[in-house]
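Descriptive analysis of the structure
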Amino acid sequence: MSVLVNKDSKIIVQGFTGKEGSFHAGQMIEYGTPVVGGVTPGKGGMTHLDKPVFNTVAEAVSKLGADTSIIFVPPAFAADAVMEAADAGIKVIICITEGIPVQDMVKVKAYLEERDCRLIGPNCPGIITPGEAKVGIMPGFIHRVGRIGIVSRSGTLTYEAVDQVTKAGLGQSTCIGIGGDPIVGTTTKEAVQLLMEDPDTDGIVMIGEIGGSMEAEAAEWIKANGTKPVVGFIAGQTAPKGRTMGHAGAIIGGAEDTAEAKMKIMAACGIHVVKSPAHIGATMLKALEK
Amino acid sequence: MNLHEYQGKELLKSFGVAIQEGIVAENLEEAVAAYHKIKAESGNDFAIVKAQIHAGGRGKGGGVKLAKNLDELKEHAGNILGMMLKTPQTPGGMEGAGKLVRKILIAEDAYAPDFDACKEIYISILMDRGRKQNVIIYSTEGGMDIEKVAEETPHLVHKEYIDPKLGLLPFQARKVAFNLGLSGKAFKEMRSFISKLYKAFVASDASLFEINPCVKTGDDRIIAVDSKVSLDDNALFRHKDLAELRDTDEEDPTEVEAKSYGLNYVKLDGNVGCMVNGAGLAMATMDIIKLSGGEPANFLDVGGTADAARVEQAFRIILKDPNVKAILINIFGGIVRCDRVAQGVVDAYKNMGNISVPIIVRLQGTNADIAKKIIDDSGLEVKSAILLQEAADIVKAVL
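This section reports on the structure supplied with the text. (Residues numbered from 1 in each chain as written. Chains lettered and ligands numbered in written order. Predicted model: local features only at pLDDT ≥ 70, side-chain atom pairs only at ≥ 80, totals over all residues. Heavy atoms only, no water.)

1. Let's talk about the overall build of chain B
A tally of helices and strands in chain B yields 13 helices and 18 strands. The principal-axis extent of the C-alpha atoms belonging to chain B is close to 80 × 50 × 40 Å. With 399 residues in all, chain B has 53% of them scored as buried. Contacts in chain B between residues at least 24 apart in sequence constitute 66% of all its contacts with a sequence separation of at least 6. With an accessible surface of roughly 17100 Å², chain B has 50% of that area assigned to carbon and sulfur atoms. Separation of charge centres in chain B, based on 49 positive and 57 negative side chains, amounts to 4 Å. (Helix = DSSP H or I, 4+ residues; strand = E, 2+ residues; numbered from the N terminus. Buried < 20%, exposed > 50% of the residue type's maximum accessible area, 1.4 Å probe, protein only. Contact = heavy atoms within 4.5 Å. Areas by Shrake-Rupley, 256 points an atom, 1.4 Å probe, with all protein chains shown as cover. Lys, Arg positive; Asp, Glu negative; His and termini not counted. Charge placed at Lys NZ, Arg CZ, Asp CG, Glu CD.)

Here you go:
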């Protein structure tokens, strides 16, 4: 059954006719993802990639019954695009855009609180349920249908984990890239919870990084509620304090958001913590055998 | 992006926040002229000479001095301008090389007319990641290290969270002023100070405002005596005027150069350079270098395009660091094809012609096999790997 997206999703692309939107929408369609249309303000009525284009998300929802949206809109307009999707009744909003001002995301979070929807990202690779729906920019071919859920703040490091899981002879139920910004719509804990409650997921890979307290909160939740093995890794064990390491959210503020501190809490909560990112797949295989 | 104290104060002043007035100077002549102007405006012989570098704790290294007259002003300005100022926050701390002082601020004596009646207050504003809201942090214990205050006397550090939909409400500004023990004119001034400060924070897309100290004077004025301002880099597109305040002299020159190429590079102290696509994988690659017995010399995210020109720029950046004994390239090809990256590495290597450190290339993803063959057949001193663990083992072997 997987989580968040599947073959029955009705997906639209915001920023559909732009360069990024066109390229990745094309890749998604090629993968077999149920993309039903797109939105680009001012280009309503057009057909793009054989799909209808609308001026507003509300129109796409009423005409197509869209329930999921993926956003490829430049940073200056991305927060507005997320709020438009939420207002139109989209249930799963996936924002790929990197570089959204933090104060815009503060407003977005407050706006979404009162609405029945889930935001994934921003600054994320998206979500994939292998064999059903690729709603993001990840390379589809590395994935394999299976029963391991993956949650990560990163892009290529997620692909690394996926690849190892696939090479270990396992596959993925759903991979959720939650994003590398200081404020993200769905936290590590929330994503882990979705996978923990998914009957088609047998094990979870949780990849975090320095900065913030999301992994510690997820670990505490897993300790209290976990029913499946979780393999965890935190990137940035060698990162210096006070420097932003690429992702806007990857910055060590104090003693609690270092990789070491997070790994310690995760291990104490029963997570199979790997020190080397090369050991993710093998450790999951071992954890499942127990 | 960080601002200098004088730039931060100018920003605050433009929103009506009361600041310790001052004039920035780059040489002794300008410092003297600034002193005369400050003296005429304040009617006070005293002035403060403050080194302008991007680091806190400047007073500890001798970067902040009180001048009681023109002679002292000349002496302090002469000493501070051009000095290598060491503070607990400059690279290497008090034991490090320090940072060159290129500018000083000649500031009025904000503690006049009655030094003993002044109270130092701490105020900062930042975004709380956990709550996803802006928060005003304040304390009666100004002028000290706030982390230490929070640890030793947590009850003296107050927090006021701001509802993003409503902004700072009048009762919240009152609460701050009451909790700081103020009354009468000082209470009113603080209420106004806080609301203007918060307005400035939001309007400039700041990520941090720290006013330490903020002073209540003997005649009940509230003045920002210092300012630490960090702005959200992602919001600079809508603040062109603030973006121009960037002082690249305060940044690592190699990092500035890397940035001009669109490379995300952070210099570190280790011996193994790395070049990676994606920030998370770049951090993980640094970690694996450490686990293989090396120390990462840098963080470098080449981004989505890794063609020959880009790989060459990255090579040049990494090799500027004489400590680099090996370079690990780790690319997970998704949209970007590994064979293209491999060709880029080979071309860049040949173009440069003088790379003397071992290169380990790990390419995984689209066309990884073809990529490995390109590397292996190139005849260059480049070792190739497909699995991350293989790459780690080669790093270990070459060190």
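2. Some points on the side chain of glutamate 215 of chain A
Mapped onto the fold, glutamate 215 of chain A is located in helix α7 (residues 214-225). Residues contacting glutamate 215 of chain A, with those up to four places away along its chain left out, are Arg153, Thr188, Met206, Gly208, Glu209, Ile234, Lys262 and Met266 of chain A.

3. Regarding helix α10 (residues 308-319) of chain B
In a regular helix each residue adds 1.5 Å, so 12 residues correspond to 16 Å; α10 of chain B covers 16 Å between its end C-alpha atoms and thus fits that length. Turning to α10 of chain B, its buried residues number three or more, namely Arg310, Val311, Glu312, Ala314, Phe315, Ile317 and Ile318 of chain B. (Expected span 1.5 Å × (residues − 1).)

4. Structural notes on the environment of alanine 342 of chain B
Within the secondary structure, alanine 342 of chain B sits in helix α11 (residues 338-352). Residues alanine 342 of chain B and leucine 399 of chain B lie 57 residues apart in sequence; the distance between their C-alpha atoms is 23 Å.

5. Some points on the packing of helix α2 (residues 28-42) of chain B against helix α3 (residues 70-80) of chain B
Residues and elements named next belong to chain B. For the pair α2 and α3, the least separation of the axes is 10 Å and the interaxial angle reads 145°. As for how α2 packs across α3, the hand of that crossing is right-handed. On α3, the residues that touch Leu28, Ala31, Val32, Tyr35 and His36 of α2 are Leu70, Leu73, Lys74, Ala77 and Gly78. Looking at the contact of α2 with α3 residue by residue, the class counts come to seven nonpolar, two polar and one charged. (Axes fitted to C-alpha atoms, helices over the stretch in contact; angles between N-to-C directions. Left-handed = near helix turned anticlockwise from the far one by under 90°. Nonpolar A, V, L, I, M, F, W, Y, C, P; charged D, E, K, R; others polar.)

6. Looking at the pattern of salt bridges
Under the criterion given, the structure shown has 33 salt bridges over all chains. Taking the shortest distance from any N to any O, the salt bridge between lysine 91 of chain A and aspartate 116 of chain A comes out at 3.7 Å. Within this pair, whereas lysine 91 of chain A is found in the loop between α3 (75-87) and β6 (92-95), its partner aspartate 116 of chain A is found in the loop between α4 (102-113) and β7 (118-120), the two being separated by 25 residues in sequence. Residue lysine 9 of chain B pairs with glutamate 5 of chain B through a salt bridge whose shortest N-O separation is 2.8 Å. Separated by four residues within a single helix, lysine 9 of chain B and glutamate 5 of chain B lie in helix α1 (residues 5-14), roughly one turn from each other. The two residues lysine 9 of chain B and glutamate 5 of chain B agree in class, both being buried. Several salt bridges converge on common partners, so that one network encompasses Glu5, Lys9, Lys50, Arg58 and Asp226 of chain B. (Salt bridge = Lys/Arg side-chain N within 4 Å of Asp/Glu carboxyl O.)

7. Describing a negative patch on the surface
Residues and elements named next belong to chain B. Judged by side-chain charge, Asp145, Glu147, Glu151 and Glu152 come together as a negatively charged surface patch. By the element assignment, glutamate 151 lies in helix α4 (residues 146-152). Note on glutamate 151: relative accessible area 66%, which makes it exposed. (Patch = residues over 30% accessible without salt bridge, like charges linked within 9 Å, V, L, I, M, F, W, Y side chains within 5 Å.)

8. Quick notes on the interface of chain B and chain A
Quoted interface sizes are often the accessible area lost when the parts come together. Listed by partner, the interface residues are 44 residues for chain B and 57 residues for chain A. Summing the contributions of chain B and of chain A, the shared interface buries around 3800 Å²; its carbon and sulfur component is 63%. One salt bridge connects glutamate 160 of chain A with arginine 362 of chain B, and the closest N-O pair in it is separated by 2.6 Å. If you look at where chain B meets chain A, you find 13 residue pairs in polar contact (both at pLDDT 80 or more). Looking at the side of chain B that touches chain A, the elements that each hand over two or more residues are β8 (133-139), β13 (264-267), α9 (279-291), β16 (326-333), β17 (359-365) and α13 (388-398) of chain B. (Buried area = accessible area lost by both parts, 1.4 Å probe. Polar contact = N/O pair within 3.5 Å; in protein donor to acceptor, adjacent residues only side chain to side chain.)

9. Some remarks on the layout of surface pockets
All names here are of chain A. Approximately 340 Å³ is the volume found for the second largest pocket. For the second largest pocket, the lining is made up of 19 residues, of which Lys109, Ala110, Leu112, Glu113 and Gly185 are closest to its centre. Mapped onto the lining of the second largest pocket, the elements with two or more residues apiece are α4 and β7. Top element by residues in the lining of the second largest pocket is α4. It accounts for five residues. Classifying every residue of the lining of the second largest pocket by side-chain character gives six nonpolar, four polar and nine charged. (1 Å grid on protein atoms, 1.4 Å probe; cavity = no way out; pocket = protein on both sides within 12 Å on 5 of 7 lines; lining within 4 Å. Points joined across faces, edges and corners; volume = space filled by probe spheres on them.)

10. Quick notes on the packing of helix α5 (residues 156-167) of chain A against α9 of chain B
For the pair α5 of chain A and α9 of chain B, the least separation of the axes is 5 Å and the interaxial angle reads 70°. It follows from the interaxial angle that α5 of chain A and α9 of chain B lie roughly perpendicular. Residues Thr156, Leu157 and Glu160 of chain A of α5 of chain A pack against Gly280, Leu281 and Ala284 of chain B of α9 of chain B. Classifying every residue of the contact of α5 of chain A with α9 of chain B gives three nonpolar, two polar and one charged. (Parallel < 35°, antiparallel > 145°, perpendicular 65-115°, else oblique.)

11. A few points about the sheet that holds strand β9 (residues 133-136) of chain A
Residue and element names in this part refer to chain A. Here seven strands make up an open sheet; going across it, the order is β9-β8-β11-β10-β12-β13-β14 and the pairing mixed. Of all the strands in the sheet, the pair left with one neighbour each is β9 and β14 (272-273). Here strand β12 (residues 203-209) runs beside strand β13 (residues 230-235); their pairing, made up of six bridges, is parallel. By the bridge assignment for β13, glutamate 209 is matched with alanine 235. Taken strand by strand, helix α1 (residues 19-31) contacts β8 (126-129) and β9, and its axis lies near 170° from that of β9. Running over the sheet, helix α8 (residues 259-268) touches β12, β13 and β14 and is turned about 170° from β13. (Pairing = 2+ DSSP bridges.)

12. Overview of the packing of aromatic side chains
Residue and element names in this part refer to chain B. With the rule as written, the count across this model stands at five aromatic pairs over all chains. Relative to phenylalanine 201, the ring of tyrosine 198 lies with its centre 6.4 Å away and its plane at 25°, an arrangement referred to as stacked. Pair noted here: tyrosine 198 and phenylalanine 201 are both in helix α6 (residues 184-203), with a separation of three residues, about one helical turn. The pair tyrosine 198 / phenylalanine 201 is uniform in exposure class, with both members buried. (Phe/Tyr/Trp six-rings, centres within 6.5 Å; stacked < 30°, edge-to-face > 60°.)

13. Thoughts on the sheet that holds strand β4 (residues 51-54) of chain A
Residues and elements named next belong to chain A. In space, the seven strands of this open sheet follow the order β3-β4-β2-β1-β5-β6-β7, with mixed pairing throughout. Among the strands making up the open sheet, the edge pair consists of β3 (47-48) and β7. Both β3 and β4 contribute to a ladder of two bridges, which runs antiparallel. Following the sheet pairing, histidine 48 is matched in β4 by lysine 51. Packed on one face of the sheet, helix α2 (residues 57-64) meets β1 (11-14), β2 (35-39) and β4 and runs near 140° to β4. Contacts from α3 reach β1, β5 (68-71), β6 and β7, with the element oriented near 170° to β6.

14. Some thoughts on α1 of chain B
Residues and elements named next belong to chain B. A large share of α1 lies buried, amounting to seven of its 10 residues. Among the residues of α1, those classed as buried are Glu5, Tyr6, Gln7, Gly8, Lys9, Leu11 and Leu12. Looking one or two residues past α1, glycine 16 carries a phi angle of roughly 85°, positive in sign.

15. Examining the environment of proline 229 of chain A
Residues and elements named next belong to chain A. Locating proline 229 in the fold gives a position in the loop between α7 and β13. Residues proline 229 and glycine 203 lie 26 residues apart in sequence; the distance between their C-alpha atoms is 5.1 Å. Apart from residues lying up to four places away in sequence, proline 229 is in contact with Asp202, Gly203, Ile204, His272, Met284, Ala287 and Leu288.

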